[in-house]
Amino acid sequence: RDILQGDNYILAQDVPENASTVSREDNTRDHLSVSQAVFRLVKPGENEESVTYINRILSFVFAADESFEMLMRLPKQPFRMSCGNQLCIQVGHISVEP
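Bear in mind that the values here come from a model prediction, so they are computed numbers and not experimental data.

Here is what the cut-offs are and how they apply
- Residues numbered from 1 in each chain as written.
- Predicted model: local features only at pLDDT ≥ 70, side-chain atom pairs only at ≥ 80, totals over all residues.
- Heavy atoms only, no water.
- Helix = DSSP H or I, 4+ residues; strand = E, 2+ residues; numbered from the N terminus.
- Buried < 20%, exposed > 50% of the residue type's maximum accessible area, 1.4 Å probe, protein only.
- Contact = heavy atoms within 4.5 Å.
- Areas by Shrake-Rupley, 256 points an atom, 1.4 Å probe, with all protein chains shown as cover.
- Salt bridge = Lys/Arg side-chain N within 4 Å of Asp/Glu carboxyl O.
- Core = buried A, V, L, I, M, F, W, Y, C linked by side-chain atoms within 4.5 Å.

Caption draft 1: Inspection of the overall build of the chain at higher detail. Secondary structure assignment for the chain yields two helices and five strands. When the helices and strands of the chain are listed from N to C terminus, the series reads β-β-β-α-α-β-β. Going through the 98 residues of the chain one by one, you find that 32% of them count as buried. Nonlocal contacts in the chain, meaning residues at least 24 apart in sequence, comprise 38% of its contacts between residues at least 6 apart. Only carbon and sulfur atoms are counted for the fraction: they give 49% of the accessible area of the chain, which is about 7,000 Å².

Caption draft 2: A look at the environment of M72. Secondary-structure assignment places M72 in helix α2 (residues 65-72). Overall, the relative accessible area of 46% leaves M72 in the partly exposed class. Along the primary structure M72 and F60 are separated by 12 residues, whereas in three dimensions their C-alpha atoms are 8.7 Å apart.

Caption draft 3: Inspection of the pattern of salt bridges at higher detail. Applying the stated rule across the entire model yields one salt bridge. Notably, a salt bridge pairs R40 with E49, separated by 4.0 Å at the nearest N-O pair. Relative accessible area serves as the criterion here: at 52%, E49 is assigned to the exposed category.

Caption draft 4: Main features of the nonpolar core. The biggest cluster of nonpolar side chains holds 11 residues, and these are A37, I54, L58, F60, L71, F79, M81, L87, C88, I89 and I94. With three residues, helix α1 (residues 54-61) is the largest single contributor of residues to this core.

Caption draft 5: Quick look at α1. Within α1, six of the eight residues are buried, which leaves it mostly tucked inside the rest of the structure. For α1, the set of buried residues is I54, N55, R56, L58, S59 and F60. Lining the buried residues of α1 we find β2 (35-42), β3 (49-53), α2, β4 (80-81) and β5 (94-95).

Caption draft 6: Representation of the side chain of R56. Positionally, R56 belongs in helix α1. For R56, a relative accessible area of 9% puts it in the buried group. Ignoring any residue separated from it by four or fewer positions in sequence, one finds R56 in contact with L71, L74, P75, K76, Q77, P78 and F79.

Laid out in C-alpha cells, this is it:
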C-alpha cells in the first residue's frame, strides 16, 4: 500500500492492519543480514556515531513503567515486526515475541 510522505502513520489508529509505514531515513543490516530501520546519533560525551534500531526507540518511548523494565531485560537486538517488514516503523506492528 502507498503511504503519502506527509502523513504520520506511526501512531495512527485508522491505518489498515496490513499497511506498513516504511522508514525512508536510514537502514542497516542486522546480524542475520536483514535490513533494519535505524537512527544514527552521536551520544553526549562521545565522538563516534552509534546506530540504534528505530523499533526499539519507539518501544521505549511509549512503554509503561512495567513494560519499560521488561524491555530493558531483552537482548539489544531489533524487535520483530508482526507485518514481516523490518523497515516498518508503525508502533502497532512491533512484537517482542521471538
